[in-house]
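A structural walkthrough
Each chain, written out:
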Amino acid sequence: MDSIFGLQGGDFVIVACDGSIAHSILKIKETEDKILKLDDHKIFGISGEGADRNSFGELVHKNHSLIRYKTGAYMNLKETAHFVRSMYAQAIRSRDGPHQCNGLLGGVDSDGTPSLYWLDYLGSLQKITRGAQGYANYFLLGLLDNQYKPNLTKEEGIEIIKKCIKELQTRFLIAQNKFIVKIVTKQGIEAFTL
Amino acid sequence: MIDFDPSSFGLAHTYQKEDKDEINTLALPSAPQVIYKTLNGPTQVNGGNKLNNFKHGTTTLGFVFKEGILLAVDSRASMGSFLSSEQVRKVIEINEYLLGTMAGGAADCQYWLAYLANHCRTYELKNGSKLSVAAASKFLQGILIGYRNSGLSMGCMIAGTDTTGQHLYYIDNDGMRLKGDIFSVGSGSTYAYGVLDNHYRYEMSLNEAVELGIRAIYHATHRDTASGGVVRVYHIHQNGWTKVHDGIDVVDLHYQFAQQKGLVGDGDEAKQRLF
């Protein structure tokens, strides 16, 4: 039931998530941050049931850091996306099965190029300019397609995200009140709630 | 890359990945060296044996406020419609600075929280400093992830104090670990949330917080058949924890609260006059 959605602009990437954790009919928490910070210029929004989201997120984060320490080099976005995809893919026919979570990986490379990748629990990978995970797809893809244009500015991007949140709150059966939004630019990551 | 020897573990399955990749990866934490067999094969969660199906028959709650953390629990254990005990201790005293609440399988909670206590003490002796609440709860999460499909039933809160303050975590048998300010777990949790969400303020005094905890548990026990008995209240502060109330009977609370409203408490507020 998590909503994760994101947008890539001219020089930034936004990934937004809802903050709620639900357990049958109860909303246990409303302020859970589902967007993981991999390093100063990469974020990974993960959608999935509790433990899977948490544990896969940690697995990605720590292995990402391990590679940096071992090789001394920072991976760029494309390398990171392929690395995360390979972690998903290795798990699919493993004893415990695939990691039950999907993700949106976004960030800005050191030369300022932004990119956003859509990752699936079976190891699908696609570079996109706008997209969502989960039920949010049904409500937001039309809107995102309609509002998107090439080389969006950061302010325009935030306006589109606000429209997406409003749409979810209007039409989605499940009430999602708090959203956490993270924007990556060449200067770093900004986070705020909406 | 640490090479785990699979034969050194008690459980049949491990998380060791095959070393075919070019880059060695860190594996997910593996289950500790304890053999824990479920009786008669894997337990079914909802359609299982009714005698064992007391998964969430309880109300426990905890919240963070200005003076620390307040935990309040009920004390009923039921097996279907039979009340096996009205005096269960659902707050488990892990050590002088950590408390755990019990919901779900009593044996699971008691055993694994005792295991956690052992781990905390060993860490303290080896490292010279106490384990933080975050680390203790993460250790428990690691265990529960390892036993994910084995039929454990636990919905516990870990609350404690360390050098960074007082913290409250919710951990369940799916391996979910959440940090938060207000949690209520169990079949009566929805009723408790109603009262808690309405009156909770971070700036409450200790007395107000104790009163809120007691009221929330009372209301849950009134409406939920699987909760009842007595209310036990604990307070966690920077010097450890204090047991504020060891057992206030909810039946007494019922008539007390009714009297405060000028009612008798016989349940006939709608004046049906059947008796």
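Residues numbered from 1 in each chain as written. Chains lettered and ligands numbered in written order. Predicted model: local features only at pLDDT ≥ 70, side-chain atom pairs only at ≥ 80, totals over all residues. Heavy atoms only, no water.

1. Describing the overall build of chain A
When its secondary structure is counted, chain A shows four helices and twelve strands. On C-alpha atoms alone, chain A measures out to a radius of gyration of 16 Å, which is about the 16 Å that the 2.2 N^0.38 rule sets for 194 residues. Based on the C-alpha atoms only, the size of chain A along its principal axes is roughly 45 × 40 × 25 Å. In chain A, which comprises 194 residues, the share counted as buried stands at 52%. For chain A, restricting intrachain contacts to residue pairs at least 6 apart in sequence, the fraction spanning at least 24 positions comes to 61%. Each charge sign in chain A was given a centre, from 24 positive and 22 negative side chains, and these centres are 1 Å apart. (Helix = DSSP H or I, 4+ residues; strand = E, 2+ residues; numbered from the N terminus. Rg over C-alpha atoms; globule rule 2.2 N^0.38 Å. Buried < 20%, exposed > 50% of the residue type's maximum accessible area, 1.4 Å probe, protein only. Contact = heavy atoms within 4.5 Å. Lys, Arg positive; Asp, Glu negative; His and termini not counted. Charge placed at Lys NZ, Arg CZ, Asp CG, Glu CD.)

2. Quick look at the confidence of the model for chain B
Residues and elements named next belong to chain B. Mean pLDDT over chain B works out to 84, with 79% of the residues at or above the 70 mark. Note on residues 10-17: pLDDT is under 50 here. Beyond four places in sequence and across chains, it has 20 contacts. Low confidence marks residues 19-23, where pLDDT is under 50. Its contacts with residues over four positions away, or in another chain, come to four contacts. Scored by ipTM, the complex comes to 0.78, with pTM at 0.80. (pLDDT = per-residue confidence, 0-100.)

3. Describing the nonpolar core
Residues and elements named next belong to chain B. Core analysis: the biggest nonpolar cluster contains 46 residues, and L61, F63, L71, L168, F183 and L253 have the highest contact counts within it. Among the elements that make up this core, the one with the highest residue count is helix 4 (residues 206-223) (eight residues). In this structure, L98, L113, A136 and L152 belong to the second largest nonpolar core, which totals 24 residues. (Core = buried A, V, L, I, M, F, W, Y, C linked by side-chain atoms within 4.5 Å.)

4. Digging into helix 2 (residues 133-146) of chain B
For helix 2 of chain B, with 14 residues, the first-to-last C-alpha span of 20 Å sits near the 20 Å given by 1.5 Å per residue. Restricting attention to buried positions, one finds in helix 2 of chain B the residues V133, A136, S137, L140, Q141, G142, I143, L144, I145 and G146 of chain B. Tucked inside the fold, the buried residues of helix 2 of chain B contact helix 1 (50-71) of chain A together with strand 6 (98-101), helix 1 (106-127), strand 7 (155-162), strand 8 (165-172) and strand 9 (177-179) of chain B. (Expected span 1.5 Å × (residues − 1).)

5. Considering helix 1 of chain B
Residue and element names in this part refer to chain B. Here helix 1 contains 22 residues, and its C-alpha end-to-end distance of 31 Å stays within 8% of the 32 Å for a straight helix at 1.5 Å per residue. Buried within helix 1 are the following residues: D108, C109, W112, L113, L116, A117, C120 and E124. End-on, the buried residues of helix 1 take up no more than an arc of 160°, which puts them together on one face. Within helix 1, the exposed residues directed more than 90 degrees away from the buried face are A107, N118, L125 and K126. Packing partners of the buried residues in helix 1 comprise strand 5 (91-95), strand 6, helix 2 and strand 7. Positioned one or two residues after helix 1, G128 has a phi angle of 75°, which is positive. (Arc of directions from axis to C-beta.)

6. Describing the side chain of R177 of chain B
Tracing the chain through its elements places R177 of chain B in strand 9. Among buried charged residues, R177 of chain B stands out as having no salt bridge; its nearest opposite-charge side chain is E58 of chain A, 5.8 Å away. (Salt bridge = Lys/Arg side-chain N within 4 Å of Asp/Glu carboxyl O.)

7. Digging into the packing of aromatic side chains
In the structure shown here, the tally under the stated rule is 16 aromatic pairs over all chains. Residues F44 of chain A and F56 of chain A carry aromatic rings whose centres are separated by 6.5 Å and whose planes lie at 65° to one another, so their mutual orientation is edge-to-face. Residue F44 of chain A is found in strand 6 (residues 42-48), and its partner F56 of chain A is found in helix 1; the two are separated by twelve residues along the sequence. Judged by its relative accessible area of 0%, F44 of chain A falls in the buried class. Take F56 of chain A: its relative accessible area is 1%, and that puts it in the buried class. Relative to W112 of chain B, the ring of Y111 of chain B lies with its centre 5.0 Å away and its plane at 90°, an arrangement referred to as edge-to-face. Exposure remark for Y111 of chain B: the relative accessible area of 37% places this residue in the partly exposed category. Taken together, the ring pairs connect Y111, W112, Y115, F139 and Y147 of chain B into an aromatic cluster. It is R215 of chain B that lies over the ring of F257 of chain B; its NZ or CZ is 4.0 Å from the centre. (Phe/Tyr/Trp six-rings, centres within 6.5 Å; stacked < 30°, edge-to-face > 60°. Lys NZ or Arg CZ within 6 Å of the ring centre and 35° of its normal.)

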